[in-house]
Amino acid sequence: MTALKLTNICKSFGKVEVLRNIDLEVVEGEFVVFVGPSGCGKSTLLRVIAGLEDATQGTVEIGGEIVNQVPPAKRGIAMVFQSYALYPHLTVEGNMTLALKQEGQSKDLIAERVAMASRMLSLEDYLARRPSELSGGQRQRVAIGRAIVREPKLFLFDEPLSNLDAALRMNTRIEIARLHRQLHASMVYVTHDQTEAMTLADKIVVLRDGRVEQVGSPMELYNNPANQFVAGFLGAPSMNFLPAERLGGAAGLTIGIRPEHILLDGAGRASGKVTHVEKLGGDTNVLVDLGDGCVVTVRLFRQHDVETDSVVGIDFDEADSFSFDSSGARVS
Amino acid sequence: MNKARRSPLNTAAAHAILLTYTLIALFPVFVIVINSFKTRKAIFREPLALPSSETFSTIGYETVFKQGDFFLYFQNSMIVTVCSLFFILLFGAMAAFALAEYRFKGNTLMGLYLALGIMIPIRIGTVAILEMMVATGLVNTLMALILVYTAQGLPLAVFILSEFMKQVSDDLKNAGRIDGLSEYTIFFRLVVPLVRPAMATVAVFNMIPIWNDLWFPLILAPAEATKTLTLGSQVFIGQFVTDWNAVLSALSMAILPVMILYVIFSRQLIRGITSGAVK
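Rules and cut-offs
- Residues numbered from 1 in each chain as written.
- Chains lettered and ligands numbered in written order.
- Predicted model: local features only at pLDDT ≥ 70, side-chain atom pairs only at ≥ 80, totals over all residues.
- Helix = DSSP H or I, 4+ residues; strand = E, 2+ residues; numbered from the N terminus.
- Rg over C-alpha atoms; globule rule 2.2 N^0.38 Å.
- Contact = placed C-beta atoms within 7 Å.
- UniProt positions renumbered as here; feature names shortened; annotations may be inferred.
- Domains from an automatic or database assignment.
- Core = buried A, V, L, I, M, F, W, Y, C linked by C-beta atoms within 7 Å.
- Buried ≥ 20, exposed ≤ 12 C-beta atoms within 10 Å, placed from the backbone.
- Pairing = 2+ DSSP bridges.
- Nonpolar A, V, L, I, M, F, W, Y, C, P; charged D, E, K, R; others polar.
- Axes fitted to C-alpha atoms, helices over the stretch in contact; angles between N-to-C directions.
- pLDDT = per-residue confidence, 0-100.
- Right-handed = clockwise from strand over helix to strand, strands pointing away.
- Parallel < 35°, antiparallel > 145°, perpendicular 65-115°, else oblique.
- Left-handed = near helix turned anticlockwise from the far one by under 90°.

**Observations concerning the overall build of chain B**
Link 1 in the chain: A count of helices and strands for chain B gives 14 helices and 0 strands.
Link 2 in the chain: Going residue by residue from the N terminus, the α and β elements of chain B occur as α-α-α-α-α-α-α-α-α-α-α-α-α-α.
Link 3 in the chain: In terms of C-alpha radius of gyration, chain B reaches 23 Å, well past the compact-globule figure of 19 Å for 279 residues.
Link 4 in the chain: Its C-alpha atoms give chain B principal-axis dimensions of about 75 × 65 × 30 Å.
Link 5 in the chain: Of all intrachain contacts in chain B linking residues separated by at least 6 positions in sequence, the fraction that spans at least 24 positions is 76%.

Below, the structure is given as structure tokens:
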């Protein structure tokens with residue numbers, strides 16, 4: 001069964017088109033991540049699904065029902081915001097129960113749901129506190145708890161980890177993944193961070209300028225990108241792009257090669273000067289300047305002693321490379 | 001920077017300036033209060049002297065309480081000020097919320113139209129207002145004053161509050177919408193508490209001119225039953241003879257309620273400022 005179906009969604013603010021002809025299906029229980037650079041329309045798309053913005057054109061179906069005219073509260077969704085958006089005047093418990101009270105649920109049911117959610121998120125000790133007395137990570141857990149208690153057909157996450165520091169971000173990411181496994185719920189998650197997209201998603205939707213660039217599982221997108229944009233967006237450090245002519249190929253094409261697929265080899269296809277070395281312990285990133293503004297990042301596993309300013313050759317296996325034409329479309 | 005801030009000389013200088021300013025601001029009030037407790041002769045002979053056992057007299061207060069219904073005037077002033085402030089804050093905040101929150105045609109134009117009232121003094125329209133009040137039979141009612149003061153205070157209130165409303169997080173309002181709160185609940189429960197400091201500012205700005213106003217009570221509600229305190233005190237000021245004892249006593253008493261209201265609102269103001277600073 002489909003949890004969410006978008007058909008030909010367009011959205012414009014005045015003359016500015018923010019979303020163009022977006023079609024998408026989310027299967028029940030699926031974790032879908034919208035990813036793209038800032039300003040690509042991913043948050044707007046989420047708002048359209050939530051009903052906080054009206055689509056200029058197209059239909060939104062949630063659980064097989066067209067909801068274009070349904071107010072946000074009746075769509076069977078719950079949303080977690082980047083800025084937590086907790087009600088400052090209510091306690092943690094008040095924050096979590098407000099929506100259920102508005103729906104007129106019985107007290108027993110509310111108590112049961114709150115007990116379940118607070119156990120899941122280990123918030124039992126904080127139920128009587130106000131948001132101002134909580135840390136950032138705890139606030140975000142309360143925001144997630146507020147979504148869980150509603151048992152929605154669809155969870156919406158709007159960059160929920162952007163306000164957290166690096167360590168907490170990883171913990172919360174794992175927590176969200178665990179929740180998804182426990183609840184078997186359909187989730188739509190917006191982020192600009194490709195690591196979050198790769199680690200959480202069953203299906204990634206890459207957006208650019210209000211268009212869907214590619215839809216697929218993380219590994220599909222990583223191994224088989226449809227175009228240069230998707231290839232460059234996923235993976236860290238990002239893919240290297242070189243004019244094919246420099247490597248003896250046809251004019252006008254661009255060769256894309258991931259940093260981990262390049263070898264440092266004395267007699268390689270090209271040579272250049274090492275400009276910078278990043279030693280991360282687990283791996284070593286080497287920046288090699290091939291001249292004419294072509295800088296290649298090479299990712300070596302484990303620790304290597306590479307001198308800056310030394311001249312090195314680079315080499316790679318043809319099978320690991322992609323080529324794109326001048327419009328950015330994938331050729332091979 | 002830190003050193004400069006801690007230097008005792010700078011601290012002393014800052015305090016000296018602030019104290020001087022406080023003295024200058026409070027001196028007239030002080031003179032009014034001390035003179036209200038003196039005999040008429042003492043007021044003119046030595047206006048700056050404190051009341052002594054010889055010059056002490058409460059004749060002014062006695063006159064005020066005997067002549068005219070001072071408590072009624074007091075009550076009228078209080079009703080007019082409090083009701084006007086309530087309506088200014090309620091309607092001002094609602095209009096500001098609509099202007100800040102909703103996209104509709106003519107939003108900017110509407111905002112400019114409302115702001116126009118800041119530039120055009122309402123007294124220009126006195127004759128038209130009087131005609132309207134006569135036509136609607138509101139002359140000599142407190143309602144007339146409340147309506148006029150509300151209209152007078154709204155433009156600035158809308159202007160200030162809409163700026164503050166724009167700063168309230170969109171996410172919070174959207175969270176409320178998703179949880180099924182009505183727009184009114186979102187406004188009263190989520191937005192208004194967050195702009196409380198701004199509302200206190202608006203209240204303080206509006207309160208004192210309304211309390212002190214003589215113009216509109218004199219024109220719209222001069223009847224005995226609807227006189228405000230400021231208008232009521234005018235009976236002691238004549239063209240040829242002025243009962244200074246009574247005038248000073250009436251003014252001294254008129255200060256009190258405004259001061260109480262100000263303390264209530266200013267506490268909100270300060271709370272707003274500090275909560276932002278230590279966030």
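That was the structure; now back to the text.
**Re the UniProt feature "transmembrane region" (unreviewed entry) in chain B**
Link 1 in the chain: Residues annotated by UniProt as "transmembrane region" (unreviewed entry) correspond here to residues 12–34, 78–100, 112–130, 142–165, 186–208 and 246–265 of chain B.
Link 2 in the chain: Across residues 12–34 of chain B, the secondary structure splits into 100% helix and 0% strand, with the terminal C-alpha atoms separated by 30 Å.

**Some thoughts on the domain arrangement of chain B**
Residue and element names in this part refer to chain B.
Link 1 in the chain: Domain assignment breaks chain B into domain 1 (1–57) and domain 2 (68–277).
Link 2 in the chain: Using C-alpha coordinates to define each centre, domain 1 is positioned 31 Å away from domain 2.
Link 3 in the chain: On the side of domain 2, 7 residues touch domain 1, which itself brings 7 residues to the contact.
Link 4 in the chain: Mapped onto the side of domain 1 that touches domain 2, the elements with two or more residues apiece are α2 (8–36) and α3 (40–45).

**Regarding the nonpolar core**
Link 1 in the chain: Among the nonpolar cores identified, the biggest contains 128 residues, and Val33, Leu156 and Val188 of chain A together with Leu145 and Leu161 of chain B are the most heavily contacted of them.
Link 2 in the chain: A total of 13 residues in this core trace back to one element, the largest contributor, which is helix α8 (residues 142–167) of chain B.
Link 3 in the chain: Leave out the neighbours within four places in its chain, and leucine 161 of chain B touches Gly92, Ala93, Ala96, Val195, Ala198, Met199 and Val202 of chain B.
Link 4 in the chain: Grouped together as the second largest cluster of nonpolar side chains are 11 residues, Leu229, Ala246, Leu251 and Ala254 of chain B included.

**Here's the deal with the pairing of strand β1 (residues 2–13) of chain A**
All names here are of chain A.
Link 1 in the chain: Taken together, the 8 bridges between β1 and strand β2 (residues 16–27) define a ladder with antiparallel strand orientation. Across the sheet, the residue bridging to leucine 4 is valine 26, located in β2.
Link 2 in the chain: Linking β1 back to β2 in an antiparallel pair, the connection comprises 2 residues, with glycine 14 at a positive phi of about 60°.
Link 3 in the chain: One ladder, built from 5 bridges, connects β1 with strand β4 (residues 57–62); its direction is antiparallel.

**Describing the interface of chain A and chain B**
Link 1 in the chain: The interface of chain A with chain B comprises 17 residues on the first partner and 12 residues on the second.
Link 2 in the chain: Mapped by element, the contributors of at least two residues to the side of chain A that touches chain B are β6 (77–80) and α2 (92–103) of chain A.
Link 3 in the chain: If one sorts the elements of the side of chain A that touches chain B by residue count, α2 of chain A sits on top with 4 residues.
Link 4 in the chain: For the side of chain A that touches chain B, the residue count by class is 12 nonpolar, 4 polar and 1 charged.

**Examining the UniProt feature "domain: ABC transmembrane type-1" (unreviewed entry) in chain B**
Link 1 in the chain: Annotation from UniProt places "domain: ABC transmembrane type-1" (unreviewed entry) at residues 74–265 of chain B.
Link 2 in the chain: Helix makes up 78% of residues 74–265 of chain B and strand makes up 0%, while its end C-alpha atoms are separated by 20 Å.

**Details of the domain arrangement of chain A**
Link 1 in the chain: Taken domain by domain, chain A consists of domain 1 (2–232) and domain 2 (237–324).
Link 2 in the chain: Of note, the centres of domain 1 of chain A and domain 2 of chain A, computed from C-alpha atoms alone, are 38 Å apart.

**Examining the sheet that holds strand β13 (residues 262–264) of chain A**
All names here are of chain A.
Link 1 in the chain: Here we have 5 strands laid out as an open sheet, ordered β13-β17-β14-β15-β16, and antiparallel in their pairing. Edge positions in the sheet fall to β13 and β16 (295–301), since each has one partner strand and no second. In this sheet, adjacent strand axes meet at a mean angle of 45° when their direction is disregarded.
Link 2 in the chain: Looking at chain direction, strand β15 (residues 283–289) and β16 are connected through 7 bridges and run antiparallel.

**Quick word on the sheet that holds strand β5 (residues 65–66) of chain A**
Residues and elements named next belong to chain A.
Link 1 in the chain: Overall, antiparallel pairing links the 4 strands, which are arranged β2-β1-β4-β5 in an open sheet. Of all strands in the sheet, those with a lone pairing partner are β2 and β5, marking the two edges.
Link 2 in the chain: For β4 and β5, the ladder comprises 2 bridges, and the chain directions are antiparallel. What sits directly across from glutamate 61, in β5, is isoleucine 66.

**Describing the confidence of the model for chain B**
All names here are of chain B.
Link 1 in the chain: In the predicted model, chain B carries a mean pLDDT of 86, and the fraction of residues at 70 or more is 94%.
Link 2 in the chain: Here helix α1 (residues 2–6) is the element of chain B with the lowest mean pLDDT, 58, and helix α7 (residues 126–136) is the one with the highest, 94.
Link 3 in the chain: Taken over the whole predicted complex, pTM reads 0.79, whereas the ipTM for its chain interfaces reads 0.83.

**Section: the UniProt feature "domain: ABC transporter" (unreviewed entry) in chain A**
Link 1 in the chain: Per the UniProt record, the feature "domain: ABC transporter" (unreviewed entry) sits at residues 4–234 of chain A.
Link 2 in the chain: Its end C-alpha atoms 25 Å apart, residues 4–234 of chain A is made of 37% helix and 27% strand.

**Notes on the pairing of strand β7 (residues 154–158) of chain A**
All names here are of chain A.
Link 1 in the chain: Across the 5 residues that make up β7, a large majority, 5, are buried.
Link 2 in the chain: Side-chain alternation along β7 places Leu154, Leu156 and Asp158 on one buried face and Phe155 and Phe157 on a second face that is also buried.
Link 3 in the chain: In the sheet, β6 pairs with β7 via 4 bridges, with the strands oriented parallel. Among the inter-strand pairings, methionine 79 is bridged to a residue of β7, identified as leucine 156.
Link 4 in the chain: As defined by bridge partners, β7 adjoins strand β8 (residues 186–191) across 5 bridges and the pair is classed as parallel. Within β8, the residue paired with leucine 156 across the bridge is valine 188.
Link 5 in the chain: Handedness of the crossover joining β7 and β8 through helix α5 (residues 166–183): right-handed.

**Section: the packing of α2 of chain A against helix α3 (residues 107–120) of chain A**
All names here are of chain A.
Link 1 in the chain: Their axes nearest at 10 Å, the elements α2 and α3 cross at an angle of 135°. One finds that α2 runs oblique with respect to α3. Judged by the sense of rotation from one axis to the other, the crossing of α2 with α3 is right-handed. Across the interface between the two elements, Glu93, Met96, Thr97, Leu100 and Lys101 of α2 pack against Ile110, Arg113, Val114 and Ala117 of α3.
Link 2 in the chain: Here the contact of α2 with α3 is composed, by residue class, of 5 nonpolar, 1 polar and 3 charged.

**Examining the packing of α8 of chain B against helix α11 (residues 196–212) of chain B**
Residues and elements named next belong to chain B.
Link 1 in the chain: Remark: α8 packs on α11, axes separated minimally by 10 Å, with the N-to-C direction vectors making an angle of 160°. By the angle class used here, α8 and α11 are roughly antiparallel. With respect to the hand of their crossing, α8 and α11 are arranged in right-handed fashion. Together, Tyr149, Gly153, Leu156, Ala157, Ile160, Leu161 and Phe164 of α8 and Ala198, Met199, Thr201, Val202, Phe205, Asn206 and Ile210 of α11 make up the contact between the two elements.
Link 2 in the chain: Along the lines of polarity and charge, the residues of the contact of α8 with α11 split into 11 nonpolar, 3 polar and no charged.

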